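Secondary and tertiary structure notes
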Amino acid sequence: MAREHATEARWDRLWTGANLATMVPGGEPYGAIRGGAIAVADGRIAWVGEAAELPGDPATLAGTVHDAAGRWITPGLIDCHTHLVFGGSRAGEFEMRLNGASYEEVARAGGGIVSTMRATREADDETLYEAAVPRLGNLIDEGVTTVEVKSGYGLDTDTELKQLRVARKLGGARPVDVHTTFLGAHALPPEFSGRQGGYIDLVVEEMLPAVAESGLADAVDAFCEGIGFTPEETDRVFSAARSHGLPVKLHADQLSDLGGAALAARYDALSADHLEYTSEDGIAALAAAGTVAVLLPGAFYTLRETRLPPVDAMRSAGAGIAIATDFNPGSSPALSLLLMLNMACTLFRLTPEEALAGVTREAAKALGLGQDRGTLEAGKRADLALWDIGQPAELAYWFGVNPCAGRVRAGEPDGG
């Protein structure tokens, strides 16, 4: 329930009767404040703490006072790795894998990413947009306020720009922040068969300059893997990205250890993602560089992988650990970030607190937004999620359930 007041107030909105999982490290688990309150002004968190410590009567402090009715409030969730914009479907390949084909066999047979490439090239902007809107809606409904969206299914300049353009349109039309990533070095298009170096030339000399000039990308990614691109080719892409002032991130060490994590660290990458085969030296390099390790349990589950990412080494090294859906049509058709929390705990043995940090505080860092959002602290953007739960661990415990009772984005609740 919200009560509006006509008096001049120092804050725009104030939530009382709340339990807060601030996700600020170093104190109580989850940075928890029971019996808390949180105030927002001009889209930012203005005050957070125990309600008993409020500097006055709530009715005189804020223009609108909301009763959270004992709900938990967390930072708005952040999905820091998705491939949300694409054409077509790959349900048939899902069936192939269940009949015994490996991910690599599907890719080498001309399926995989290349099949999505064809469908994405054929689709116009509006078709891609209309397909992406309900996908994004699933994430929004679960308390997500920030989403990363990659290109990488065009594999030519025009289609890569089209994907990024559609992603930007989603962010402008839907109640969510969209951060875009150029992933031209995702797969080798068939017209460059046998000429992988020539395709990297295209990425570096034509695609990246066009993307940089357009202003449509916030970062640059690559797929460094035996079925993707070599460390040397990835290094060329990253060097070009740096010359255009764009930060980098990397699909690294998913199927083998090619030293992708260490390569990402050398470029001070925002994140290195997957990491099932990363060595302890690679993890140490990530931690030293401040590069976030992004774990993607949806892909691990869908591909029925058995090699677990080295979570204990990440903890020992002090590396930040984020969690994301990796939503894509081939290896992670997952549109529930809450389900990823459960999978991260059940499959990778993260604690519920680590998992929640992975979709708030650490996910923000993985997008270069750690100073702006991801925790409930004064000065940060007022992106919040409200939950009908008794304790924060329930967000990772339940699956097939959505306890989200509302979102606040830049200080404004859904629905006004």
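Cut-offs and rules
Positions within a chain are numbered from 1, following the residues in the order the chain's sequence is written. Reporting in this predicted model follows two pLDDT cut-offs: at least 70 for local features of residues, and 80 or more for side-chain atom pairs to be given and counted; totals over whole chains, interfaces and linings ignore these cut-offs and use all residues. Computation of side-chain values covers all heavy atoms of the structure but excludes hydrogens and water. Patch criteria: residues need more than 30% relative accessible area and no salt bridge. Like-charged residues are merged within 9 Å; nonpolar side chains of Val, Leu, Ile, Met, Phe, Trp and Tyr are merged within 5 Å. Reported accessibility uses the Shrake-Rupley method at a 1.4 Å probe radius. Residues are deemed covered only where the shown protein chains occlude them. A pairing counts as a salt bridge when a side-chain nitrogen of Lys or Arg comes within 4 Å of a carboxyl oxygen of Asp or Glu. Numbering of helices and strands starts at the N terminus; helices are DSSP runs of H or I of at least 4 residues and strands are runs of E of at least 2. Whether a residue is buried, partly exposed or exposed follows from its accessible area with a 1.4 Å probe, protein chains only, as a fraction of its type maximum: under 20%, in between, or over 50%, in that order. A pair of strands is labelled paired if DSSP reports no fewer than 2 bridges between them. Each axis is a line fitted through C-alpha atoms, taken for helices only over the stretch in contact, and angles between the N-to-C directions span 0 to 180 degrees. Here a residue-residue contact requires only that any non-hydrogen atoms of the pair lie within 4.5 Å. Expected span of a helix: the number of residues minus one, times 1.5 Å. The arc in question is formed by the directions pointing from the helix axis toward the C-beta atoms. Buried residues of nine kinds, namely Ala, Val, Leu, Ile, Met, Phe, Trp, Tyr and Cys, make up a nonpolar core once their side-chain atoms join them within 4.5 Å. Classification of ring pairs rests on two measures: the distance between centres of Phe, Tyr or Trp rings, Trp counted by its six-membered ring, which must be within 6.5 Å, and the angle between planes, read as stacked under 30 degrees, edge-to-face over 60 and tilted in between. Our definition puts a charge over a ring when NZ of Lys or CZ of Arg is within 6 Å of the ring centre and also within 35 degrees of the ring normal. Counting rule for disulfides: a pair of cysteine sulfur atoms within 2.5 Å. Comment on the angle field: the value is read as roughly parallel under 35 degrees, roughly antiparallel over 145, roughly perpendicular from 65 to 115, and oblique elsewhere. Left-handed describes a crossing whose near helix is turned anticlockwise from the far helix by less than a right angle; the clockwise case is right-handed. Note on residue categories: nonpolar means Ala, Val, Leu, Ile, Met, Phe, Trp, Tyr, Cys or Pro, charged means Asp, Glu, Lys or Arg, and polar means any other residue, Gly included. Crossovers are described as right-handed under a simple rule: with the strands pointing away from the observer, the path leading from the first strand over the helix to the second runs clockwise. Here a polar contact is taken to be a pair of N or O atoms separated by no more than 3.5 Å, where protein atoms must pair a possible hydrogen donor with a possible acceptor and residues adjacent in sequence count only if both atoms sit in side chains.

What follows is about a nonpolar patch on the surface. Together, Tyr-397, Trp-398 and Val-401 line one region of the surface with nonpolar side chains, adding up to about 330 Å² of accessible area. By the element assignment, Trp-398 lies in the loop between α16 (394–397) and β16 (404–409). We classify Trp-398 as partly exposed; its relative accessible area is 40%.

A few words now on the sheet that holds strand β14 (residues 321–323). Spatially, the 8 strands line up as an open sheet ordered β7-β8-β9-β10-β11-β12-β13-β14, and their pairing is parallel. Edge positions in the open sheet fall to β7 (77–79) and β14, since each of these has one partner strand only. Each strand of the sheet is rotated relative to its neighbour by a mean of 25 degrees, with strand direction disregarded. In the sheet, β7 pairs with strand β8 (residues 144–150) via 3 bridges, with the strands oriented parallel. The residue of β8 that forms the bridge with Leu-77 is Val-144. Docked against the sheet, helix α8 (residues 231–243) engages β9 (177–185), β10 (219–224) and β11 (249–252), running at close to 175 degrees with respect to β10. Each of β7, β8, β13 (292–295) and β14 is contacted by helix α13 (residues 337–348), which is oriented at about 80 degrees to β7, the strand it contacts most.

Compared with the 18 Å implied by 1.5 Å per residue over 13 residues, the 18 Å span of α8 between its first and last C-alpha is a close match. Among the residues of α8, Glu-233, Thr-234, Val-237, Phe-238, Ala-240 and Ala-241 are the ones counted as buried. Buried residues along α8 cover an arc of 160 degrees about the axis, so they all sit on one side. The exposed residues of α8 that point more than 90 degrees off its buried face are Glu-232 and Ser-243. Tucked inside the fold, the buried residues of α8 contact β9, α7 (196–214), β10, β11 and α9 (260–266).

So, on to the nonpolar core. With 97 residues, the main nonpolar core has Leu-170, Phe-182 and Val-237 as its most contacted residues. Residues in contact with Leu-170, not counting those within four places in the same chain, are Leu-84, Val-85, Tyr-129, Ala-132, Val-133, Leu-136 and Val-178. Grouped together as the second largest cluster of nonpolar side chains are 13 residues, Val-40, Ala-68, Ile-73 and Val-408 included.

Before going further, it helps to spend a moment on the packing of aromatic side chains. Tallied over the full model, the rule gives 8 aromatic pairs. Centre to centre, the rings of Phe-238 and Tyr-267 are 5.5 Å apart; their planes meet at 75 degrees, and the pair counts as edge-to-face. Pair noted here: Phe-238 is in helix α8 and Tyr-267 is in the loop between α9 and β12 (271–274), with a separation of 29 residues, a long-range link. Note on accessibility: Phe-238 and Tyr-267 belong to one class, buried. Grouping aromatic residues by their ring pairs yields a cluster made of Phe-86, Tyr-153 and Phe-327. Its end group placed over the ring of Trp-11, Arg-10 keeps NZ or CZ at 5.6 Å from the ring centre. One residue, Lys-169, lies across the ring of Tyr-129, its end atom 4.3 Å from the ring centre.

Attention now moves to the state of the cysteines. Throughout this description, disulfide means a covalent bond between two cysteine sulfur atoms. Using the criterion set out here, one finds 0 disulfides in the structure. Between Cys-80, a cysteine without a disulfide, and Cys-345, which holds the nearest cysteine sulfur, the sulfur-to-sulfur distance is 16 Å. Take Cys-80: its relative accessible area is 2%, and that puts it in the buried class. The thiol sulfur of Cys-224 is not disulfide-bonded, and the nearest other cysteine sulfur, from Cys-80, lies at 19 Å.

Bridge count for strand β3 (residues 32–41) against strand β4 (residues 44–50) is 6 bridges, and the pairing is antiparallel. Counterpart to Ile-38 in the pairing with β4 is Val-48. The loop that links β3 with its antiparallel partner β4 comprises 2 residues; one of these, Asp-42, has a positive phi angle of about 55 degrees.

The subject of this paragraph is the environment of Gly-259. Considering the arrangement of structural elements, one finds Gly-259 in the loop between β11 and α9. Judged by its relative accessible area of 28%, Gly-259 falls in the partly exposed class. Residues Gly-259 and Ala-393, 134 residues apart in the sequence, show an inter-C-alpha distance of 35 Å.

The next thing to look at is the packing of helix α5 (residues 125–141) against helix α6 (residues 157–173). Direction vectors running N to C along α5 and α6 enclose 50 degrees, while the axes themselves pass 10 Å from each other. With respect to α6, the element α5 is oriented oblique. Here α5 runs over α6; the crossing is right-handed. Touching Asp-125, Glu-126, Leu-128, Tyr-129, Ala-132, Val-133 and Leu-136 of α5 are Lys-162, Arg-165, Val-166, Lys-169, Leu-170 and Ala-173, all from α6. Residue classes in the contact of α5 with α6 are distributed as 8 nonpolar, no polar and 5 charged.

On to the pairing of β9, then. The element β9 is extensively covered by neighbouring structure, given that 9 of its 9 residues are classed as buried. Strand direction decides the pairing type here: β9 and β10, joined by 3 bridges, are parallel. Counted as the bridge partner of Phe-182 is Val-220 from β10. A crossover connection joins β9 to the parallel β10 through α7; in handedness this β-α-β unit is right-handed.

Residue position: Thr-375 is located in the loop between α15 (361–366) and β15 (384–387). Judged by relative accessible area, Thr-375 falls into the buried class, the value being 3%. A polar contact is formed between the side chain of Thr-375 and the side chain of Glu-377, at a distance of 2.6 Å. Of the polar contacts made by the side chain of Thr-375, one reaches the side chain of Lys-380; its length is 2.8 Å. If we ignore the near neighbours within four places in the chain, the residues touching Thr-375 are Thr-22, Met-23, Val-24, Ile-45, Pro-75, Arg-361 and Lys-380.

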